[in-house]
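# Overview (structure and organization)
Each chain is listed here by its residues.
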Amino acid sequence: MPTIGIITGTRPEEACLSDLTHADAARILCSGASAAAAEVAVRQFVADGCAGLASIGTAGGLDPALAPGAVVLCDGVYPLDGGGVALPDDAWTDRLAAGLIAGGFTPRRGCLLGAGTPLLTSEDKARVFDETGASAVDMESGAVARAAMEAGLPWIALRVVADPAGLALPALAARSIKPDGRVDLAGLLCGLARHPGQIGGFLALARSGRKALGVLRRVAALGLFFEPL
C-alpha cells in the first residue's frame, strides 16, 4: 500500500493531483462529493495499511475574508457527528506550511467543517461561521479526520476556496456531481433549462471554481503531498 491515502471530492480536483502522484508514495480516491462515500474510501485506505491520510481539494468559504483561490491549511476539523475538534498531525502540517510558503503561497491556517451536505446559501455559511469559526467547509475532511484518529494515523487537510462565503450556490449545484465525481453535464443543462434563474449563480460558481482548481494544481505541482512521512 502506498504511504499516503489522499481523498478528494470530484474528478476535476483529482485531475489536479493525478498526474503528479508517485505510485509508490500516494494513492488518490475520488469520493464523488459524498461524505458517506468518503467514509468508505478512507476506511479502505486504513484497511490496506496506509501510513497517513490526507484530504485535498476545494471547499466552500465560511470566513468572509477568504476569496476564491485562498489556500486553507487545516488546524482542526469539526467532525460530522458534532464531536470535538479533530487535530491534524502537527509536524506534517508544519512541513506542508513551510513548503507552501517557500513555493510562493500564503496559506491560511484555520479549522474546517466536515459537512454531510453542501451549504448552499450565504446565510447558512454565515450562521455556521458564527457558530464554529471554521474557515471553510467540505464533505471529505470529517471522514478523513475521524478514520485517522480511530486508527491512530497521522493526517492532514488542505483546501482551496472555490465558492466564497458571500456566494450562494444554485440549488442545482447539490445534484450536479455524479457518484463517480464527474459533473452531470446533461442533467445540469436540463435543470438550467427548467430553472434559468440559476444560470447567473452557476456562471459565478464556474469562475470562482476555475480559479480554485488553478491554485490547487499549482499547489500540487510542488509535490508536497507525496513526500514520505
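Residues numbered from 1 in each chain as written. Predicted model: local features only at pLDDT ≥ 70, side-chain atom pairs only at ≥ 80, totals over all residues. Heavy atoms only, no water.

### Quick notes on the overall build of the protein chain
Helices and strands together make up the secondary structure of the protein chain, namely seven helices and seven strands. The 229 residues of the protein chain split such that 51% are buried. For the protein chain, the accessible surface area stands at approximately 9700 Å², while carbon and sulfur atoms represent 58% of it. (Helix = DSSP H or I, 4+ residues; strand = E, 2+ residues; numbered from the N terminus. Buried < 20%, exposed > 50% of the residue type's maximum accessible area, 1.4 Å probe, protein only. Areas by Shrake-Rupley, 256 points an atom, 1.4 Å probe, with all protein chains shown as cover.)

### A closer look at the environment of V137
Inspection of the secondary structure puts V137 in strand β6 (residues 136-138). On the accessibility criterion, V137 (9% relative accessible area) is buried. For the pair formed by V137 and V77, sequence separation is 60 residues and the distance between their alpha carbons is 9.3 Å. V137 has contacts with A59, G60, L62, L113, A115 and L119, leaving out every residue within four places of it along the chain. (Contact = heavy atoms within 4.5 Å.)

### A short note on the nonpolar core
Within the largest apolar cluster, 26 residues are counted, with the highest numbers of intra-cluster contacts made by I6, L100, L158 and F225. Those elements giving two or more residues to this core turn out to be β1 (4-8), α1 (11-18), β2 (26-30), β3 (52-61), β4 (71-78), α3 (90-102), β7 (155-163) and α7 (199-221). At five residues, the largest contribution of residues to this core is made by α7. Beyond its immediate chain neighbours, meaning those up to four positions away, F225 contacts I4, I6, L17, I56, L96, L158, V219 and A220. Membership of the second largest hydrophobic core comes to 25 residues, among which are I7, A145, A148 and V161. (Core = buried A, V, L, I, M, F, W, Y, C linked by side-chain atoms within 4.5 Å.)

### Here's the deal with helix α2 (residues 35-48)
In a regular helix each residue adds 1.5 Å, so 14 residues correspond to 20 Å; α2 covers 20 Å between its end C-alpha atoms and thus fits that length. The complete set of buried residues in α2 reads A35, A38, E39, A41, V42 and F45. Buried residues along α2 sit against β1, β2, β3 and α5 (141-151). Just past α2, the residue G49 takes up positive phi, approximately 90°. (Expected span 1.5 Å × (residues − 1).)

### Observations regarding the side chain of K125
Along the polypeptide, K125 turns up in helix α4 (residues 122-132). The exposure class of K125 is buried, given its relative accessible area of 0%. With sequence-adjacent residues up to four places away left out, K125 is seen in contact with G61, L62, L119, D163, P164, A165 and L167.

### Digging into the pairing of β3
The buried fraction of β3 amounts to 10 of the 10 residues, a majority that puts the element mostly inside the structure. Summarising the sheet, β1 and β3 pair through four bridges and their orientation is parallel. The residue of β3 that forms the bridge with I4 is G52. As judged from the eight bridges shared by β3 and β7, these two strands associate in the parallel manner. Counted as the bridge partner of A59 is V161 from β7. Examined bridge by bridge, β3 and β6 share two bridges and lie antiparallel to one another. (Pairing = 2+ DSSP bridges.)

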